[in-house]
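Topology and contacts: notes
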Amino acid sequence: MSQAEKQALGFQTEVKQLLHLMVHALYSNREIFLRELISNASDACDKLRFEAIAKPALLEEDPDLKVKISYDEQANSLTLEDNGIGMSRDDVIANLGTIARSGTAEFLQQLTGDQKKDSGLIGQFGVGFYSAFIVADEVTVETRKAGLTAEEGVRWTSKGDGEFTVETINKPGRGTKITLTLKDDAKEYANGYRLRNIIQKYSDHIGLPIQLQKDVEVEGDEAEAADQATAVEWETINKANALWTRSKNEIKDEEYQEFYKHVAHDFEDPLAWSHNKVEGKQEYTSLLYIPKRAPFDLYQREVPRGLKLYVQRVFILDNAEQFLPLYLRFIKGVVDSSDLPLNISREILQQNPQIDSMKSALTKRVLSLLDKMTDDQDKYYEFWKEFGQVLKEGPGEDFANRERIAGLLRFSSTEQSEQRVSLADYVSRMKEGQDKIYYLIGESLAQVKSSPHLEVFRKKGIEVLLLTDRIDEWLMSHLNEFDGKALVDVARGDLDLGSLDTEEDKKAQEEATETKKDLLERIKKSLEERVSEVRVSTRLTDSPAVLVIGAGDLGLQMRKILEASGQQVPDSKPILEINPNHPLVERLEAEAQEANFTDLASLLCDQAALAAGESLEDPGQFVQRLNRLLLELAGK
Ligand code: ADP
Ligand code: MG
């Protein structure tokens, strides 16, 4: 097939779905299509400027990069033209026919057709180029990649209904020209006054001129109009200074917000940002944003992420992941260095002491920004709900900032069900004589709240943090203390309540251990396979028994994580602690028949395992034992 032939191709299924849903979901905010197209044109110019560092010839005779926007009220059309990097035929088919982001299909399934809900979701996804179809019946893209000849231009057209066509055309100028044939109800976008307003709103932060066609008499005749194109006067609408290069006190919040949408490909405003210029040994400017919402692929490890890197205002790299640790991967923004070489590559970034020191400074910036955000607890909670899980990766990844990150963590506790308790809050509520921070890890809030482990704490009125996220056990294994106070898992090892334990408590336990010696031995023997030790508990007031994890053993969460990743989990048996004063334990002690004794002891152990959120190895046997007991109680 000759390349010049017109080829009709189908959109990838995901694109079709997106096109269909988007037009509906974004209807009330249609003007954003212009932001997306300007953003793309600006990216294209950035890319060309970068490539031209090594190959200046790419700029041809046309070195002044810009975006020109014109319209035709009579034809009800709108055109955006940039002289950026452009696209080859293959680029066009890939970029304007598919969505390359993995997980897109799953994401689209979440869209419901409910405009309000969907617009939020689509916002975090970013619809980009395809948003043109919110206002256009037909979109034509004419483009030529920098470095290719005029004969290698491409025309792409689509009505947004499932298909597009591509054909090879002659295009003398490099770059991309997009023409929208507007829908009848979108005529307002072929109007100079309206366009000027939107462009101003969406492009003041863009670092290259965005020009609008000045109102001139447009003749009806098409040929003449084309002739006139050269005579058209252009007016630069935006400030055309990259936002971060301007001084802070000149920049309005709205401008910061718009710039965020451009760099982050997000539709929503950011939650917070921090803009800083560093001078001295190293010189760079950073503008870092915290998004409002976590992207759907935040936990997909292979997804590229990171800051946009500029060197002396020249765009160098997208997703430069070397400037922030992984646990801050949700941060969006730019870093512009004055002293890195322009020809820096991803590889060089990897082993560069200068980058390391920038990384450490930028990390501190983000942590300070978050710290400042905690002043407004509701706002911080909004952040925490979206990104708290990721921040919890911090202490394990970033040893140096462990204490600072710890200060930013939020937990549920026996005092507060929402994850709003900071370690500092906890410390401020500690009991007289309490010198440790207690926590309990489990599967769900409901499960931990009724855990036997909390009984003694409830009795003594001591707060316990309740940790139910998958990552919590791992997190706590990296956080040994906060504010000089040890963090203690109440379900693990010997429970040392320090001076919170009264003399009577201690004495009672010693006595019970002595008087129940035989019973403990007997239980140990009958449960040998399942527990490493049987002892008298200081933890219980109401329950008959509880399982305790050995001091150095893996907890349930870690075991599950390891098992799920196919790793060998070391064998470890828990400790069974019994409540010597509980009637069931007394009943057990009185049982002379060995078979019955084993039944009862096993039941105690099973219920303790269930209360800890474990699944039983032999649930059928548990049920049989329970039923025997119930029947016995019923006198049958
Ligand atoms: P994104 O900008 O998030 O990558 P878009 O849907 O906005 O997604 O654009 C898809 C791709 O199409 C871009 O990544 C780019 O490769 C290409 N593209 C879009 N517009 C232009 C343009 N004006 N010049 C060159 N390439 C473009
Ligand atoms: Mg885009």
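Residues numbered from 1 in each chain as written. Chains lettered and ligands numbered in written order. Predicted model: local features only at pLDDT ≥ 70, side-chain atom pairs only at ≥ 80, totals over all residues. Heavy atoms only, no water.

1. Section: the overall build of the protein chain
When helices and strands are tallied, the protein chain shows 23 helices and 23 strands. Scaling as 2.2 N^0.38, a compact globule of 636 residues should have a C-alpha radius of gyration of about 26 Å, whereas the protein chain reaches 33 Å, well beyond that. Along the first, second and third principal axes, the C-alpha set of the protein chain runs to 110 × 60 × 40 Å. Within the protein chain, the proportion of its 636 residues that are buried is 51%. Counting contacts in the protein chain only where the partners sit at least 6 residues apart, residues at least 24 apart contribute 73% of the total. Summed over all atoms, the accessible surface of the protein chain reaches about 30,000 Å², with 47% contributed by carbon and sulfur. The protein chain carries 80 positive and 112 negative side-chain charges, and their two centres are separated by 2 Å. (Helix = DSSP H or I, 4+ residues; strand = E, 2+ residues; numbered from the N terminus. Rg over C-alpha atoms; globule rule 2.2 N^0.38 Å. Buried < 20%, exposed > 50% of the residue type's maximum accessible area, 1.4 Å probe, protein only. Contact = heavy atoms within 4.5 Å. Areas by Shrake-Rupley, 256 points an atom, 1.4 Å probe, with all protein chains shown as cover. Lys, Arg positive; Asp, Glu negative; His and termini not counted. Charge placed at Lys NZ, Arg CZ, Asp CG, Glu CD.)

2. Quick notes on the environment of Tyr256
Turning to its location among the elements, Tyr256 is positioned in helix α8 (residues 253–264). Tyr256 has contacts with Leu243, Lys248, Ile251, Trp273, His275, Leu287 and Tyr289, leaving out every residue within four places of it along the chain. Of note is the side chain of Tyr256, whose polar atom sits 2.6 Å from the side chain of His275. (Polar contact = N/O pair within 3.5 Å; in protein donor to acceptor, adjacent residues only side chain to side chain.)

3. As for the site of ligand 1
The immediate surroundings of ligand 1 are formed by Asn40, Ala41, Ala44, Asp82, Met87, Asn95, Leu96, Val127, Gly128, Phe129, Thr176 and His265. The side chain of Asp82 places a nitrogen or oxygen atom 2.9 Å from a nitrogen atom of ligand 1. His265 places a polar side-chain atom, nitrogen or oxygen, 2.9 Å from an oxygen atom of ligand 1. Among the elements that line the shell around ligand 1, the one with the most residues is helix α2 (residues 32–54), at three residues. Looking at the shell around ligand 1, its residues break down into six nonpolar, five polar and one charged. (Near = heavy atom within 4 Å. Nonpolar A, V, L, I, M, F, W, Y, C, P; charged D, E, K, R; others polar.)

4. A closer look at unusual backbone geometry
Backbone geometry at Ala240 places phi at a positive 60°, although glycine is not the residue there. With respect to the secondary-structure elements, Ala240 resides in the loop between β9 (234–236) and α8. Positive phi values are uncommon outside glycine, yet Asn319 reaches one of about 50°. Structurally, the position occupied by Asn319 is in strand β13 (residues 314–320).

5. A few points about the pattern of salt bridges
The tally for this structure, following the rule as stated, stands at 49 salt bridges. The salt bridge involving Lys159 is made with Glu138; its shortest N-O contact spans 3.7 Å. Here Lys159 is found in the loop between β5 (153–158) and β6 (163–169), whereas its partner Glu138 is found in strand β4 (residues 136–144), with 21 residues between them in sequence. The class for Lys159 is exposed, based on a relative accessible area of 53%. We note a salt bridge from Arg535 to Asp494, for which the minimum N-O separation is 3.0 Å. Here Asp494 lies in the loop between β20 (485–489) and α18 (503–515) and Arg535 lies in strand β21 (residues 533–536), a separation of 41 residues in the sequence. Taking the relative accessible area as the measure of exposure, Arg535 reaches 14% and is therefore buried. Given a relative accessible area of 62%, Asp494 falls into the exposed group. One salt-bridge network, held together by shared partners, links Arg30, Glu31, Asp185, Glu188, Arg194 and Lys201. (Salt bridge = Lys/Arg side-chain N within 4 Å of Asp/Glu carboxyl O.)

6. Some details on empty space enclosed by the protein
Inspection of the entire model under this criterion finds one cavity of 30 Å³ or more. Quantified by volume, the largest cavity comes out at close to 30 Å³. Every residue lining the largest cavity is listed: Tyr426, Arg429, Met430, Lys431, Gln434, Gly461, Ile462 and Glu463. When its residues are assigned to classes, the lining of the largest cavity shows three nonpolar, two polar and three charged. (1 Å grid on protein atoms, 1.4 Å probe; cavity = no way out; pocket = protein on both sides within 12 Å on 5 of 7 lines; lining within 4 Å. Points joined across faces, edges and corners; volume = space filled by probe spheres on them.)

7. Some remarks on the nonpolar core
Judged by nonpolar contacts, the single largest core of 73 residues is most densely connected at Ile290, Leu309, Phe323, Phe383, Leu391 and Tyr438. No other element matches the eight residues that helix α10 (residues 353–373) contributes to this core. For Tyr438, the residues in contact, after removing those within four places along its chain, are Tyr426, Phe457, Ile462, Glu463, Val464, Leu465, Val488, Val490, Asp496, Leu497 and Leu500. Ranked by size, the runner-up nonpolar core spans 68 residues in total, among them Leu37, Met87, Phe164 and Leu212. (Core = buried A, V, L, I, M, F, W, Y, C linked by side-chain atoms within 4.5 Å.)

8. Here we look at helix α23 (residues 619–633)
With 15 residues, α23 extends 21 Å between its outermost C-alpha atoms, agreeing within 8% with the 21 Å of an ideal straight helix rising 1.5 Å per residue. Where α23 terminates, the next one or two residues include Gly635, which has phi positive at roughly 75°. (Expected span 1.5 Å × (residues − 1).)

9. Description of the sheet that holds strand β17 (residues 436–441)
Strand order across the open sheet formed by six strands is β16-β15-β18-β17-β20-β19, with mixed pairing between neighbours. Edge positions in the open sheet fall to β16 (416–421) and β19 (481–482), since each of these has one partner strand only. Note: strand β15 (residues 411–413) against β16, two bridges, orientation antiparallel. Its bridge partner lying in β16, Phe411 is registered against Val421. (Pairing = 2+ DSSP bridges.)

10. Notes on the sheet that holds β6
Taken in spatial order, the nine strands of this open sheet run β1-β6-β5-β4-β7-β3-β2-β8-β9, and their pairing is mixed. Each edge of the open sheet carries a strand with a single partner, namely β1 (7–10) and β9. If you compare each strand with its neighbour and ignore which way they point, the axes differ by 20° on average. As paired strands, β1 and β6 are joined by four bridges and run antiparallel to one another. Bridge pairing links Gly10 to Glu163 in β6. Across the sheet, α2 is in contact with β2 (67–72), β3 (77–82), β7 (175–182) and β8 (210–213); its angle to β3 comes to roughly 20°. Most of the contacts of helix α6 (residues 192–203) go to β8, to which it runs at about 175°, and overall it touches β2, β3, β8 and β9. (Axes fitted to C-alpha atoms, helices over the stretch in contact; angles between N-to-C directions.)

11. Overview of the environment of Val531
Counting through the fold element by element, Val531 comes out in the loop between α19 (517–526) and β21. For Val531, a relative accessible area of 1% corresponds to the buried category. Taking the C-alpha atoms as reference points, Val531 and Val427, separated by 104 residues in sequence, lie 35 Å from one another. For Val531, the contacting residues outside a window of four places in its chain are Lys524, Leu547, Lys573, Pro574, Leu576 and Cys605.

12. Describing the side chain of Ser337
Mapped onto the elements of the fold, Ser337 is located in strand β14 (residues 332–337). Polar side-chain contacts of Ser337 include one of 3.0 Å to the backbone nitrogen of Leu340. Apart from residues no more than four positions distant in its own chain, Ser337 is found in contact with Glu283, Tyr284, Tyr310, Val311, Gln312 and Met358.

13. Considering the packing of helix α21 (residues 583–590) against helix α22 (residues 594–611)
At a closest axis distance of 9 Å, the pairing of α21 and α22 adopts a crossing angle of 155°. Relative to α22, α21 is oriented roughly antiparallel. As α21 packs across α22, the resulting crossing turns out to be left-handed. In this structure, α21 uses Leu584, Val585, Arg587 and Leu588 to contact α22, whose residues at the interface are Phe597, Leu600, Ala601, Leu604 and Gln607. Residues belonging to the contact of α21 with α22 are distributed by class as follows: seven nonpolar, one polar and one charged. (Parallel < 35°, antiparallel > 145°, perpendicular 65-115°, else oblique. Left-handed = near helix turned anticlockwise from the far one by under 90°.)

By themselves, these are just geometric observations and shouldn't be taken as functional.
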